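Survey of secondary and tertiary structure
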Amino acid sequence: MRTVTALVLGLVALLHLLPAIGVLGGAQLQRLYGVEPPGGAVELLLRHRAVSFGLLGAFLASAAFRPELHGPALLVGFVSVASFLMLARGAEGLSAELAAVLRADRVAFGLLLLGAVAHGLHRA
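The sections below set out a description of the structure shown in this document. The structure presented is a predicted model; accordingly, all values stated were derived computationally and were not measured.

What to know about helix H2 (residues 26-33)
- Taken residue by residue, H2 has Gln-28, Leu-29 and Tyr-33 as its buried positions. Along H2, the residues classed as buried sweep out an arc of 110° about the axis, all on the same side.
- Looking at the buried positions of H2, the neighbouring elements they touch are helix H3 (40-64) and helix H5 (96-123).
- Downstream of H2 by one or two residues, Gly-34 has phi in the positive range, about 70°.

What follows is the structure, given as structure tokens:
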């Protein structure tokens, strides 16, 4: 079961590492999300978000190889994914790119559920 949890964490890590490219600037952010950042403060916030996703992805990836971190990593992954899914529920007019992010997070949520079940079965 540890292998299932590790695989799940690795896959979810990849999903979280992809947006880290946004740290490079507006062009990358536009490709990622299909919206043109107006620059200034909003672009700064989105670039910082990219750094945060990179850190989260790195943590999830490293936790995949450290069974003692499986539980905390699953929890952090759930918080990240579930928060976006909940915030996106009321959003209208999502770009195709953001709709793809939403679909990816739904898949990530399912994977994290699988990982949590595997983790729980291993610990039982």
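After that view, the rundown keeps rolling.
Remarks on the pattern of salt bridges
- Counted according to the given criterion, the structure contains 1 salt bridge.
- The partner of Arg-66 in a salt bridge is Glu-68, with the nearest N and O atoms 2.8 Å apart.
- Taking relative accessible area as the criterion, Arg-66 reaches 42% and is therefore assigned partly exposed.

Details of the side chain of Ser-95
- Examined against the element boundaries, Ser-95 turns out to sit in the loop between helix H4 (70-88) and H5.
- Taking the relative accessible area as the measure of exposure, Ser-95 reaches 13% and is therefore buried.
- For Ser-95, the contacting residues outside a window of four places in its chain are Tyr-33 and Gly-34.

Thoughts on the layout of surface pockets
- When its volume is computed, the largest pocket comes out at roughly 340 Å³.
- Every residue lining the largest pocket is counted, 17 residues in all, and those nearest its centre are Leu-15, Pro-19, Phe-53, Val-101 and Asp-105.
- Those elements that provide at least two residues to the lining of the largest pocket are helix H1 (2-17), H2, H3, H4 and H5.
- In terms of residues, the lining of the largest pocket owes the most to one element, H4, which gives 5 residues.
- Looking at the lining of the largest pocket residue by residue, the class counts come to 12 nonpolar, 3 polar and 2 charged.

Criteria and cut-off values
- Residues numbered from 1 in each chain as written.
- Predicted model: local features only at pLDDT ≥ 70, side-chain atom pairs only at ≥ 80, totals over all residues.
- Heavy atoms only, no water.
- Buried < 20%, exposed > 50% of the residue type's maximum accessible area, 1.4 Å probe, protein only.
- Helix = DSSP H or I, 4+ residues; strand = E, 2+ residues; numbered from the N terminus.
- Arc of directions from axis to C-beta.
- Contact = heavy atoms within 4.5 Å.
- Salt bridge = Lys/Arg side-chain N within 4 Å of Asp/Glu carboxyl O.
- 1 Å grid on protein atoms, 1.4 Å probe; cavity = no way out; pocket = protein on both sides within 12 Å on 5 of 7 lines; lining within 4 Å.
- Points joined across faces, edges and corners; volume = space filled by probe spheres on them.
- Nonpolar A, V, L, I, M, F, W, Y, C, P; charged D, E, K, R; others polar.

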